[in-house]
Amino acid sequence: MSTLLTIEELTKDYGSTTAVDHLSLSVKKGEIVGLLGANGAGKTTLMQMILGLLTPTSGEIILFGESFHKHRVKHLKRMNFTSTYSNLPSNLTVEQNLKFFAQIYAVKDAKRKIDSLLQEFEIADHRKSITGNLSSGESTRLNLCKALLNDPELLLLDEPTASLDPDIADKVRTKVRQVADEKGITMLYTSHNMKDIETICDRLIFIHKGRIVTQGNPAKIVKQFERGSLEEVFIHLARDGEIVEETDNP
Amino acid sequence: MNLNVIFALTRRYLYLYTRNPVRMIELIFWPSVELLVMGFLTVFIQKSSGSDFGSFIRFLLGAVIFWDVLFRSQQAVAISFLEDVWTRNLLNIFVAPVRTYEYLFATFCVGLLRVGLTVFILTLLAWLVYAFNLFEFEWSLIPYFANLMIFGWSLGMISTALILRWGQAAEGLAWAVPYLLQPFSAVFYPVSILPTVFQFIAWLLPSTYVFEGMRAGLAEGSMNYTYFGLSVLANLVFMVISGLIFAQTMKAARQKGLLTRIATQ
Ligand SMILES: Nc1ncnc2c1ncn2[C@@H]1O[C@H](COP(=O)(O)OP(=O)(O)OP(=O)(O)O)[C@@H](O)[C@H]1O
Ligand SMILES: [Mg+2]
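A brief look at the structure comes next.

Some details on the overall build of chain A
Piece 1. The helix and strand inventory of chain A stands at nine helices and 10 strands.
Piece 2. The C-alpha atoms of chain A give a radius of gyration of 18 Å, which matches the 18 Å a tight globule of 250 residues would have.
Piece 3. Along the longest, intermediate and shortest principal axes, the C-alpha atoms of chain A span 50 × 40 × 40 Å.
Piece 4. A total of 250 residues make up chain A; the buried ones form 57% of that total.
Piece 5. Pairs at least 24 apart in sequence give 68% of the contacts found in chain A among residues at least 6 apart.
Piece 6. Looking at chain A as shown, the accessible area adds up to about 10,400 Å², and 47% of this sits on carbon and sulfur atoms.
Piece 7. Of note, chain A has its 31 positive side-chain charges centred 6 Å away from the centre of its 34 negative side-chain charges.

Remarks on the sheet that holds strand β1 (residues 3–14) of chain A
All names here are of chain A.
Piece 1. Taken together, the four strands give an open sheet; going across it, the order is β2-β1-β4-β5, and neighbouring strands pair in antiparallel fashion. With one partner strand each, in any of the chains shown, β2 (17–28) and β5 (66–67) form the two edges of the open sheet.
Piece 2. In the sheet, β1 pairs with strand β4 (residues 58–63) via five bridges, with the strands oriented antiparallel. Along β4, the bridge assignment pairs Ile7 with Ile61.
Piece 3. Helix α1 (residues 43–50) rests against β1, β2 and β4 of the sheet, and its axis sits at about 120° to β1.

Some words on the sheet that holds strand β7 (residues 154–158) of chain A
All names here are of chain A.
Piece 1. Judged by pairing direction, the sheet is mixed, and its six strands sit side by side in the order β6-β7-β8-β3-β9-β10 without closing on themselves. Two strands lie at the open edges of the sheet, namely β6 (79–83) and β10 (211–216), each paired on one side alone. Pairwise comparison of adjacent strand axes, ignoring direction, gives a mean angle of 15° for this sheet.
Piece 2. Across the sheet, helix α6 (residues 166–183) is in contact with β3 (32–36), β7 and β8 (186–190); its angle to β8 comes to roughly 160°.
Piece 3. Where helix α9 (residues 230–239) meets the sheet, its contacts fall on β3, β9 (203–208) and β10, and the angle it forms with β9 comes to roughly 25°.

Observations regarding the side chain of Arg12 of chain B
Piece 1. Here Arg12 of chain B shows up in helix α1 (residues 3–19).
Piece 2. Relative accessible area serves as the criterion here: at 1%, Arg12 of chain B is assigned to the buried category.
Piece 3. Contacts of Arg12 of chain B, omitting those with residues within four sequence positions, involve Pro89, Leu92 and Phe100 of chain A together with Asp84, Asn89 and Ile93 of chain B.

A short note on the site of ligand 1
Residues and elements named next belong to chain A.
Piece 1. Within the structure, ligand 1 sits among 14 residues, and Gly40, Lys43, Thr44, Thr45 and His192 are positioned closest to it.
Piece 2. Within the contact set of ligand 1, an oxygen atom lies 2.8 Å away from a side-chain nitrogen or oxygen of Lys43.
Piece 3. With respect to ligand 1, the side chain of His192 contributes an N or O atom lying 2.7 Å from an oxygen atom.
Piece 4. Look at ligand 1: alone it shows 640 Å² of surface, and the protein chains cover 66% of it.
Piece 5. The element best represented in the shell around ligand 1 is α1, accounting for three residues.
Piece 6. A breakdown of the residues in the shell around ligand 1 according to their chemical character gives four nonpolar, seven polar and three charged.

Quick notes on the rules
Residues numbered from 1 in each chain as written. Chains lettered and ligands numbered in written order. Predicted model: local features only at pLDDT ≥ 70, side-chain atom pairs only at ≥ 80, totals over all residues. Heavy atoms only, no water. Helix = DSSP H or I, 4+ residues; strand = E, 2+ residues; numbered from the N terminus. Rg over C-alpha atoms; globule rule 2.2 N^0.38 Å. Buried < 20%, exposed > 50% of the residue type's maximum accessible area, 1.4 Å probe, protein only. Contact = heavy atoms within 4.5 Å. Areas by Shrake-Rupley, 256 points an atom, 1.4 Å probe, with all protein chains shown as cover. Lys, Arg positive; Asp, Glu negative; His and termini not counted. Charge placed at Lys NZ, Arg CZ, Asp CG, Glu CD. Pairing = 2+ DSSP bridges. Axes fitted to C-alpha atoms, helices over the stretch in contact; angles between N-to-C directions. Near = heavy atom within 4 Å. Polar contact = N/O pair within 3.5 Å; in protein donor to acceptor, adjacent residues only side chain to side chain. Nonpolar A, V, L, I, M, F, W, Y, C, P; charged D, E, K, R; others polar.

What follows is the structure, given as structure tokens:
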């Protein structure tokens, strides 16, 4: 499989704080990578540099074989993003919002695309609802519809399930995995929910203070650290996150 | 430049206006109140002084309407940006294939439409209540209005840059920026009334030339081309300066993480 995203020595300093510290990684086409790490580890900062919301202090992002910095708008057409901290305008209807983004992303046959996404995420009944009236589960699903509108090749999700109850969270993560498999979407996914990472991700990357501490297949990592669960590994690494030999770099 | 993107953004801002009744009221209510207060004040002064105040009411009503062109256009640019902040949609826009100038251009279009609506309402009101006919200006209205609207765009970009730089705490500035310049713009009185230092500042602003030109136009019944030319020139300078300020602020925002901060606070 070919490489879709390569990050080389990426660094982001905020004054004296180093949020991302000479981080390098590469992601293959179709791979689903989970970013795990304590609060403030640098996951959001990393994603936002890949999205062009933040300019790196140093380092390089190569997307689709080209420098992201030089082809930002061209690349943004082929990617998408959603998170718990972004929303679609609350005073418009679900349909108006999706139509708007379909037009921005120049989606072909937008009506059909919107219909099928609303069906897929089981919110077709809310087509005419005011977005602000949706429950957080519904609005998360709507955000995902927006994020999938342009059939992104690269999808970045920053804690998409953070405000969901366990049942809805489970449905959402299953759906996301299913859609990603069907369409061969490459995905970067952050979550503090270990279940999310275990269910969705082919590979997890553990970040501590802006650096990769370990990475690999979730199940193998649990074994490698001789812990009972991913959560225990998380606590261990978050508390004393020394750099560990990267044994399982696929 | 992608016209589809600009069209989509503009249409969405219009949706926001029509979906939110408070926005609509703001569009109609404030300018009308201002016009009525100014109008009745002049009528009162006119009656109590007993002198011939006939031209003053025309100057003042003209000034209120002209001022609103500048103000509404500035507001459209700044408020459109704030709408995206308020609805937590800003990041969705900035991770979409939207170029900064396309985004700005859409807010300019919203400005144009807002100005159109306000002018329509005020013209009608001034005509019904005070028998003031804005169309006395005939075709010269268009260059006057265009200059004020474009200056409003410049001020809108500066206000947006301030909000981006200092966060939502600076929201008040979105309203304050035009009023900061109002005393110097000779809106309700001629530049000659101002102290010399203020006069110097006044002649740097495109708006001053429009208001002076408006009064000259009302008094002489013809358009003053010198004022018009100077206004266009000053406008060009302001457009370039505020465009650079905006671009520089966007660059700084991407370096300091301001986009995320303002979008999530
Ligand atoms: N705009 C900013 N200005 C200054 N420091 C920042 C800014 N944004 C983030 N930081 C700092 O950078 C570090 C990384 O933050 P980041 O948001 O990337 O962490 P995270 O891994 O996403 O955490 P969380 O799990 O809480 O979402 C933190 O120390 C944070 O305080
Ligand atoms: Mg985060």
